[in-house]
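Remarks on the overall topology
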Amino acid sequence: MEKFDVAIIGSGPGGYVGAIRCAQLGLKTALIEKYPTLGGTCLNVGCIPSKALLDSSEHFIKAQKEFKEHGIKINTPKVDMKQMINRKKKVVDQTCDGVKFLMDKNKVSVYQGLGSFEDEHTLKISGEKEDKIQADKIVIATGSKPTELPFAKFDKERIISSTEALNLQEVPQKMVVIGAGIIGLELSSVYARLGAEVQVIEYMDRAIPTYDKAMSKEIVKSLKKIGIKFHFSHQVTEVSRKGDSVTVKAQDKKEQEVSWEADYCLVAVGRSAYTQGLALDKAGLKTDDRGKLVVNQQMQTEKDHIYAIGDVVYGAMLAHKAEEEGTLVAELIAGEKPHIDYNLIPSVVYTWPEVASVGQTEEALKEEGRAIKTGSFPFRALGRSRASGDMEGLVKVISDKETDEVLGVHMIGPRVADLIAEAVTAMEFRASAEDIARMSHAHPTYAEAVKEAALAATENRPIHV
Ligand code: FAD
Ligand code: NAD
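Conventions used here
Residues numbered from 1 in each chain as written. Chains lettered and ligands numbered in written order. Predicted model: local features only at pLDDT ≥ 70, side-chain atom pairs only at ≥ 80, totals over all residues. Heavy atoms only, no water. Near = heavy atom within 4 Å. Polar contact = N/O pair within 3.5 Å; in protein donor to acceptor, adjacent residues only side chain to side chain. Nonpolar A, V, L, I, M, F, W, Y, C, P; charged D, E, K, R; others polar. Domains from an automatic or database assignment. Pairing = 2+ DSSP bridges. Helix = DSSP H or I, 4+ residues; strand = E, 2+ residues; numbered from the N terminus. Right-handed = clockwise from strand over helix to strand, strands pointing away. 1 Å grid on protein atoms, 1.4 Å probe; cavity = no way out; pocket = protein on both sides within 12 Å on 5 of 7 lines; lining within 4 Å. Points joined across faces, edges and corners; volume = space filled by probe spheres on them. Areas by Shrake-Rupley, 256 points an atom, 1.4 Å probe, with all protein chains shown as cover. Axes fitted to C-alpha atoms, helices over the stretch in contact; angles between N-to-C directions. Contact = heavy atoms within 4.5 Å. Expected span 1.5 Å × (residues − 1). Buried < 20%, exposed > 50% of the residue type's maximum accessible area, 1.4 Å probe, protein only. Disulfide = S-S within 2.5 Å.

1. Quick notes on the site of ligand 2
- Taken together, 23 residues form the shell around ligand 2, and within it Ile183, Glu186, Glu202, Gly270 and Val348 come nearest.
- In the environment of ligand 2, an oxygen atom lies 2.8 Å from a nitrogen or oxygen atom belonging to the backbone of Gly270.
- Within the backbone of Met317, a nitrogen or oxygen atom sits 3.0 Å from an oxygen atom of ligand 2.
- Grouping the amino acids of the shell around ligand 2 by side-chain chemistry returns 15 nonpolar, four polar and four charged.
- When we break the shell around ligand 2 down by domain, the ones giving at least three residues each are domain 1 (2-145 + 272-342) and domain 2 (159-269).

In structure tokens:
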């Protein structure tokens, strides 16, 4: 039986990045993945395919609605769904192949098959053939799966999760989306842009409820413009299918029943940790009542030599959070002393305009009783935004009232997914709002909105409004 320093179960961003870092640190490493392609949810049915379709559908709506204003005449654009899905597949294939290349380059031994515990140091891999390996340290990076509503079981044809929604062969005429979280907003955007009539039903009183309230308000305003209809404070009670039609029933605030008919119902109410098939009991492990593996700050389970990272443990279900944890575990195993500041893990919604956030929200800080200052700056006041025509949105900087240290930055606007990195850098170095405000920002760029919002937070003296 082959022996390894480290064996990692699951090849998502947590597992594969952890494997590369282990190999870089000289550890003999195995990576086990049950599917034939590497990359996990993120590369196969998550981040990458969703962004491919978001980009394609954004091109379509720009051609349809904005080219004329720019003085570009084209025939009426039409959607070729087959080609859009083929392109997405190519992007996914290339990205997954890239991970395979990185495993070979770093001499990580990849095993294809379902990994399960035989005992606390031995793993069985059930694939085309059966293998067994032993490892000093084991990392569980088995990720998550879409959460099912008890009354809306996925039939994967008409009552679907994000996985199927990323592979539709036609543009739905009508789509009901349950959940106005990140997946709900991103995939509603894709299909509304392509011409579907989209209704979003949300249990809470706003969209993306974990974000700063101002962001929720602004994104809903923008998405309504592309035709998405929102129904907040609605409790879905029934989802039923008859032929190719799905009926969704819900109770509104006044407990009145409302219902919608659609050709597809996308259920996007969160994701649940995935540990099925691991035979955790054979390693003396169990999940908590929410199905998660509980770990300490070093990502160790109850068994010190078995670690768990990414979506299978608590915290934001984000690819870059999983990556940081993969790196952290590899470095801990190699005897280093790494650290993750979870407050500085940014979060992005890839709608248009995009939404991005790092640090604490105004609501959370107020609840904490912290004395703060806020400064906002609208993109419409920027020359760069007028040139491109992307005028929606704003940047909001929140800083400590006494020290001026930046505590949170929340943005909605063009390319803020990339702009948030400036805020992360600033906060990592514990910058004040004035530090950001005094840095030169190239003109004309969207980044000038960050400087201006910081100026507004510092002394309420933005230049261009
Ligand atoms: P996963 O990526 O889920 O990988 C786990 C892997 O383990 C899988 O490949 C699985 O097959 C394998 N596995 C499970 N059990 C076993 C076993 N017993 N044996 C062998 N293999 C096993 N996050 C972002 O940061 N940005 C985004 O833009 C973004 N977009 C998303 C869009 C969608 C539609 C979805 C669904 C998610 C998105 N996410 C995004 C979230 C992101 O995909 C996850 O947070 C991330 O993939 C978690 O990484 P992970 O390594 O923990 O697990
Ligand atoms: P989410 O937690 O972001 O949103 C789920 C939404 O569904 C919430 O607003 C919640 O209030 C609502 N909800 C829950 N139960 C409901 C019910 N019965 N009826 C109506 N609404 C209900 O989850 P998601 O959108 O499914 O995404 C899953 C995970 O994937 C998230 O944790 C997210 O971090 C990750 N993800 C990230 C990105 C990104 O980083 N851009 C993109 C997609 C997914």
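After that view of the structure, there is still more to cover.
2. A short note on the sheet that holds strand β11 (residues 229-231)
- The strand order across the open sheet built from five strands is β8-β15-β9-β10-β11, with neighbouring strands paired in parallel fashion. The sheet is open, and its two borders are formed by β8 (159-160) and β11, each paired with just one other strand.
- Inspection of the sheet shows β8 paired to strand β15 (residues 264-267) by two bridges, in the parallel sense. From the neighbouring strand, Ile160 faces β15, where its bridge partner is Leu266.

3. Some remarks on the pairing of strand β1 (residues 2-9)
- The pairing of β1 with strand β6 (residues 130-140) spans seven bridges and is parallel. Within β6, the residue paired with Glu2 across the bridge is Ile133.
- Examined bridge by bridge, β1 and strand β2 (residues 29-33) share four bridges and lie parallel to one another. Among the inter-strand pairings, Ile9 is bridged to a residue of β2, identified as Ile32.
- In the classification by handedness, the crossover that spans β1, the intervening helix α1 (residues 13-24) and the parallel β2 is right-handed.

4. With respect to empty space enclosed by the protein
- Overall, the coordinates contain one cavity of 30 Å³ or more when judged by the stated rule.
- Taken as a whole, the largest cavity holds about 40 Å³ of empty space.
- What lines the largest cavity is Pro146, Thr147, Phe154, Ser162, Ile183, Leu266, Val267, Ala268, Val269, Gly270 and Arg271.

5. Topic: the site of ligand 1
- In the vicinity of ligand 1 lie 39 residues, with Glu33, Thr41, Lys51, Gly115 and Ala319 positioned nearest.
- At 3.3 Å from an oxygen atom of ligand 1 is found a side-chain nitrogen or oxygen belonging to His320.
- Considered on its own, ligand 1 offers 1000 Å² of accessible surface; in the complex 95% of this is hidden by protein.
- Looking at the shell around ligand 1, the elements with two or more residues in it are α1, β2, α2 (40-45), α3 (47-65), β4 (114-119) and α8 (319-333).
- Here the shell around ligand 1 takes four residues from α2, the largest share from any one element.
- Counted by class, the shell around ligand 1 contains 17 nonpolar, 17 polar and five charged residues.

6. Quick look at the sheet that holds strand β20 (residues 372-378)
- Spatially, the five strands line up as an open sheet ordered β18-β19-β22-β21-β20, and their pairing is antiparallel. Of all the strands in the sheet, just β18 (347-349) and β20 have a single pairing partner and so form its edges. Taken over all neighbouring pairs, the strand axes of this sheet differ in orientation by 10° on average, direction set aside.
- Along the sheet, helix α13 (residues 448-459) contacts β20, β21 (394-400) and β22 (406-413); its crossing angle with β20, the most-contacted strand, is approximately 145°.

7. Considerations on helix α6 (residues 182-193)
- With twelve residues, α6 should reach 16 Å at 1.5 Å per residue; the first-to-last C-alpha distance of 17 Å fits that figure.
- With ten of twelve residues buried, α6 lies mostly within the body of the structure.
- Those residues of α6 lying buried are Gly184, Leu185, Glu186, Leu187, Ser188, Ser189, Val190, Tyr191, Ala192 and Arg193.
- In the segment just after α6, Gly195 is the residue with positive phi, at about 115°.

8. Brief notes about the state of the cysteines
- Scanning all chains against the criterion turns up one disulfide.
- Covalently, Cys42 is tied to Cys47 through a disulfide, its sulfur atoms 2.5 Å apart. Measuring the twist about the S-S bond at about -130°, one finds the Cys42-Cys47 disulfide to be left-handed.
- Of the residues examined, Cys47 reaches a relative accessible area of 27% and is grouped as partly exposed.

Shape descriptors only; they carry no functional weight alone.
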